[in-house]
Amino acid sequence: QVQLVESGGGLVQTGDSLRLSCTASGGTDSYLIMGWFRQAPGKEREFVAAIVRSADTASYADSVEGRFTISRDKAKNTGYLQMNSLVPEDTAVYYCGARPPGDVRSIKGYPYWGQGTQVTVSS
């Protein structure tokens, strides 16, 4: 059974940066796609970014394109989401997920999720 644990969230101000980490265990080597999603109170979980094996194959939501960077360290079994130029609209609980090859933007395609880490951006 795959287990994912996120960390790195916190309270920051507009324009600040954060780096989220997602450490995997339980046989995630077979899962080629790691994705990040976020969910704000009263809203549905939405796609943020995903990576297939390396940063050369990455996808981003339009809302974070140019500000967020997703990466992956296979040796450490850890994924990262570098978030720069944060704005209040980025406030949400951020979740990492893992899935087999497929549509990286499809929430239903991710069978495994972390517990989430809170990111709060004040004005």
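Residues numbered from 1 in each chain as written. Predicted model: local features only at pLDDT ≥ 70, side-chain atom pairs only at ≥ 80, totals over all residues. Heavy atoms only, no water.

1. Comments concerning the overall build of the protein chain
Here comes step 1: On a plain count of helices and strands, the protein chain comes out with zero helices and 11 strands.
Here comes step 2: Start at the N end of the protein chain and walk to the C end: the helices and strands fall as β-β-β-β-β-β-β-β-β-β-β.
Here comes step 3: Relative to its length of 123 residues, the protein chain is compact, with a C-alpha radius of gyration of 13 Å against a globular reference of 14 Å.
Here comes step 4: With the C-alpha coordinates aligned to their principal axes, the bounding extent of the protein chain is approximately 40 × 30 × 25 Å.
Here comes step 5: Residue burial in the protein chain is summarised as follows: out of 123 residues, 42% are buried.
Here comes step 6: Long-range contacts, defined as pairs at least 24 residues apart, comprise 59% of the intrachain contacts of the protein chain with a sequence gap of at least 6.
Here comes step 7: Here the protein chain displays about 6,200 Å² of accessible surface, and carbon together with sulfur accounts for 47% of that area. (Helix = DSSP H or I, 4+ residues; strand = E, 2+ residues; numbered from the N terminus. Rg over C-alpha atoms; globule rule 2.2 N^0.38 Å. Buried < 20%, exposed > 50% of the residue type's maximum accessible area, 1.4 Å probe, protein only. Contact = heavy atoms within 4.5 Å. Areas by Shrake-Rupley, 256 points an atom, 1.4 Å probe, with all protein chains shown as cover.)

2. Some remarks on the sheet that holds strand S7 (residues 68-73)
Here comes step 1: Judged by pairing direction, the sheet is antiparallel, and its four strands sit side by side in the order S1-S3-S8-S7 without closing on themselves. Across the chains shown, the open sheet's two edge strands, defined by having one partner strand only, are strand S1 (3-7) and S7. Here the strands of the sheet are splayed against their neighbours by 15° on average, with no regard to which way each runs.
Here comes step 2: Two strands pair when backbone bridges link them, and S7 and strand S8 (residues 78-83) are joined in this way by six bridges, in the antiparallel orientation. Considered in S8, the bridge of Thr69 is made with Gln82. (Pairing = 2+ DSSP bridges. Axes fitted to C-alpha atoms, helices over the stretch in contact; angles between N-to-C directions.)

3. Re unusual backbone geometry
Here comes step 1: Positive phi, close to 55°, is recorded for Asn77, a residue that is not glycine.
Here comes step 2: The residue Asn77 is located in the loop between S7 and S8 in this model.
Here comes step 3: Judged by relative accessible area, Asn77 falls into the partly exposed class, the value being 24%.
Here comes step 4: Even without being glycine, Ser85 reaches a positive phi, approximately 50°.
Here comes step 5: Take Ser85: it is sitting in the loop between S8 and strand S9 (92-99).

4. Looking at the packing of aromatic side chains
Here comes step 1: Tallied over the entire structure, the rule returns four aromatic pairs.
Here comes step 2: Their ring planes at 40° and their centres at 5.6 Å tell us that Tyr110 and Trp113 sit as a pair that is tilted.
Here comes step 3: Tyr110 sits in the buried class, given a relative accessible area of 3%.
Here comes step 4: Look at Trp113 and you get partly exposed, because its relative accessible area is 27%.
Here comes step 5: Here a set of aromatic residues connected by ring pairs shows up, and it is made of Phe37, Phe47, Tyr110 and Trp113.
Here comes step 6: The cationic tip of Arg45 hangs over the ring face of Trp113; the distance from NZ or CZ to the ring centre is 4.8 Å.
Here comes step 7: Across the ring face of Tyr110, the terminal group of Arg99 is positioned such that the distance to the ring centre comes to 5.6 Å. (Phe/Tyr/Trp six-rings, centres within 6.5 Å; stacked < 30°, edge-to-face > 60°. Lys NZ or Arg CZ within 6 Å of the ring centre and 35° of its normal.)

5. So, the pattern of salt bridges
Here comes step 1: Under the defined criterion, the tally for this structure stands at three salt bridges.
Here comes step 2: Between Arg38 and Glu46 there is a salt bridge; the shortest N-O distance is 2.8 Å.
Here comes step 3: Taking the shortest distance from any N to any O, the salt bridge between Arg67 and Asp90 comes out at 2.7 Å. Within this pair, whereas Arg67 is found in the loop between strand S6 (54-60) and S7, its partner Asp90 is found in the loop between S8 and S9, the two being separated by 23 residues in sequence. Side by side, Arg67 and Asp90 carry an identical accessibility label, which is buried. (Salt bridge = Lys/Arg side-chain N within 4 Å of Asp/Glu carboxyl O.)

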